[in-house]
Structure formats: structure tokens, C-alpha cells
Amino acid sequence: MTTPSSTEAPGFLAQHLPLDKATTSRPHITVTWAQSLDSKIAGVGGKRVILSGPESMLMTHWLRSMHDAILIGVNTLILDDPRLQINLLPSSLNLRPPQPLILDPHLRFPPTARILSEWNTKPLERGKTLLQPWIICSDQVPLSQRTSLEEEGARVIAVKVDEKGHIPPSDLPDIVGKLGLKSVMIEGGSKVLSTFLHQRQREDGSVLVDSVVVTVAPMFIGQGVGVVPEGEDKGLPPLRTVHTETMGKDAVMVCTVNEEDEE
Ligand SMILES: NC(=O)C1=CN([C@@H]2O[C@H](COP(=O)(O)OP(=O)(O)OC[C@H]3O[C@@H](n4cnc5c(N)ncnc54)[C@H](OP(=O)(O)O)[C@@H]3O)[C@@H](O)[C@H]2O)C=CC1
Ligand SMILES: Nc1nc(O)c(N)c(N[C@@H]2O[C@H](COP(=O)(O)O)[C@@H](O)[C@H]2O)n1
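Residues numbered from 1 in each chain as written. Chains lettered and ligands numbered in written order. Predicted model: local features only at pLDDT ≥ 70, side-chain atom pairs only at ≥ 80, totals over all residues.

Student: Can you break down the nonpolar core residue by residue, with the values?
Tutor: Of all hydrophobic cores here, the largest spans 64 residues; its most connected members are Ile102, Phe109 and Ile135. Setting aside its immediate chain neighbours within four residues, Ile102 contacts Ile72, Val74, Leu77, Phe109, Pro133, Ile135 and Ile136. (Core = buried A, V, L, I, M, F, W, Y, C linked by C-beta atoms within 7 Å. Buried ≥ 20, exposed ≤ 12 C-beta atoms within 10 Å, placed from the backbone. Contact = placed C-beta atoms within 7 Å.)

Student: Go over the site of ligand 1, please, and point to the residues and values.
Tutor: Around ligand 1 there are 30 residues in total, and Gly46, Gly73, Asn75, Gly188 and Gly189 lie nearest to it. Top contributing element to the shell around ligand 1 by residue count: helix 3 (residues 74-80), with 5 residues. Each residue belonging to the shell around ligand 1 can be placed in one class, and the counts come to 14 nonpolar, 11 polar and 5 charged. (Near = placed C-beta within 6 Å. Helix = DSSP H or I, 4+ residues; strand = E, 2+ residues; numbered from the N terminus. Nonpolar A, V, L, I, M, F, W, Y, C, P; charged D, E, K, R; others polar.)

Student: I'd like to hear about the site of ligand 2, residue by residue, with values.
Tutor: Taken together, 18 residues are adjacent to ligand 2, and Ala34, Leu51, Ser52, Asp80 and Pro82 come closest. The residue makeup of the shell around ligand 2, split by class, is 8 nonpolar, 6 polar and 4 charged.

Student: I'd love a proper account of the pairing of strand 6 (residues 155-159), names of residues and values included.
Tutor: In the sheet, strand 5 (residues 134-138) pairs with strand 6 via 5 bridges, with the strands oriented parallel. For Ser138, the partnering residue across the bridge sits in strand 6 and is Val159. What joins strand 5 to strand 6 is helix 5 (residues 143-151), and the crossover it makes is right-handed. (Pairing = 2+ DSSP bridges. Right-handed = clockwise from strand over helix to strand, strands pointing away.)

Laid out in C-alpha cells, this is it:
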């Protein structure tokens, strides 16, 4: 069993993930979540549940610190009002905070969201513990709406969407590459996890998702939000576990997508 250090990234993460925030031109994509034993990531109506114990939560903050950006869907932003920071790690390490990225095709982002209000009200923390929230929306959103959110302090990036109105997962490497980001940690929620796991390949034929890091907490949620939405459990990629670690009460699995493992 490992208790992660607050001054050094857990060795198993350093071994398998982009500690140096990736050096190649191909952005590294990690998909991660915390789940219960009955494969739920939140309670009824999307109510946030603290699944991770202190040890695995610290690991998640190390994982965040190892990526250039943290990406979530807009529902998670609205339901959880997350910080997406690395505040469990000591500030003396002077780690650059990861860039918050929100997938929000219709620009439903509430200007009251904590990641924006803290950016606006704590100017001395900018670049230290806080980065400006970047929101990726559809290029069909009227310019006036985009400008209005930019005036509130966010950066809005307009991109083409797919027939479902989603930001196409296969376009993400290109989108983040153009933004100068070399690695992205996708934290959820359920719909975003599902579309990214289902999109098996990049345009060059390589796997879209390089790493999957799952925290399994020894608890049952019962009714709630599944890792992927109901009915979307077909067509998920074969995973190969490259490391399992017990952290406090939780198990943390590091996996890769291995298409050749599929029967
Ligand atoms: N335990 C854990 O580790 C985590 C749990 N959660 C939980 O997840 C829940 C929210 O999940 P969920 O409701 O599924 O919502 P998501 O957070 O996955 O957001 C989904 C929305 O993102 C937009 N979107 C843009 N591009 C895409 C794309 N490619 N694929 C999917 N969606 C896209 C859509 O917005 P639009 O509808 O406007 O088109 C869509 O409805 C919350 O309850 C939260 O607590 C979240 C993160 C981690
Ligand atoms: N690793 C992990 N464990 C849990 O138990 C969780 N509920 C989550 N949720 C994710 O973390 C976000 C909240 O982040 P902050 O604490 O505000 O930094 C939440 O929105 C989910 O993405 N993760």
C-alpha cells in the first residue's frame, strides 16, 4: 500500500504518464475518474459524491499537475462547480497549475462558476494557483454570446461540432495542439468519458486515449450517474492494466488502450 508523498509524484504515475508535460508534438490524452464498486461516479441527479479518500485524492492532484490541461464537460462544471486546481500539493513546489478546459458547445457556462469568479477576484494568484478558464464552444454560437463571456473574463474558443452537437473527440488533439497544450487529463463527467472512450482512434490511426487512470472506492452508490451513460456500454475499448496500487482504502488502476487485445 502506498501513501503518496506531498512533495514528489507517485512513482507509478511518473513511470506511465507525462511527468514532463509531454515532449512530442502528439498531445498525450489521459482519461480519469473515481468510481464506486457499482460503477457510479455521482449520485442521483448528478449529486457529487466524495469517492476518493485523502491518499487517492492527493494522487489525483499529482496527476493533474502532470498534465498541461484538465478537461471536463459543462454538466460537471454546472453540477460540481469544481476548482480543478492542484491545491493539495505544497505551493513551495511552484508547480504550474493545469489549464482548465470546459467542453461547452452551447455556451451554458454560468459566469458565477467558481473557476471564473476566483480568476476575477484573486489577481495575485493568476499564473500561480489560477489560470484563466478556457471554454470550447461551437462555432455556431452567436459572436455576441461569446464576446459577452469573454468580457466576464473567460477565453472562448469556437470550433466545429459534430452531428450530435458535440466537440468531436477526434478533433481534440488538434484543438489542444493549436492551443499549445501537450497533454490533457479528461476528468469527466459520464457523457464526456463515454464519447472519448468510444472514439477509439485519432486521424492518424493511433489510439485517441493514451492512458486511463481509475480510482475505485470501496462503497456502493446505488442509483446515480454511471461511468458511462446507460446503454453506452457497447463499443468501449479493450484496456490493459499496466499498474495497480492500493492507496488508503482505494485501488488505483493505470491502464492503456490496447486495440490488438480485442477478440
Ligand atoms: N467521480 C468522478 O470522477 C467524476 C464525477 N463527475 C460527475 O459527472 C456528472 C456529470 O456528467 P454528465 O451529466 O454526463 O455531463 P458531462 O460533464 O460529461 O458534460 C456533458 C456535456 O458536455 C458537452 N459536450 C461537448 N462535447 C462533448 C463530447 N464530445 N461528449 C460529451 N459531451 C460533450 C455537452 O453539452 P451540451 O449538452 O450543451 O451539448 C454534454 O451534454 C456530475 O454529476 C459529476 O459529479 C464528473 C467528473 C468526475
Ligand atoms: N478523483 C476524484 N474523486 C472523487 O471522489 C470525485 N468526486 C472527483 N470528482 C472530480 O473532481 C472535481 C472536483 O474537483 P475540485 O475538488 O473542485 O478540485 C469534480 O468536478 C470531478 O471532476 N474526482
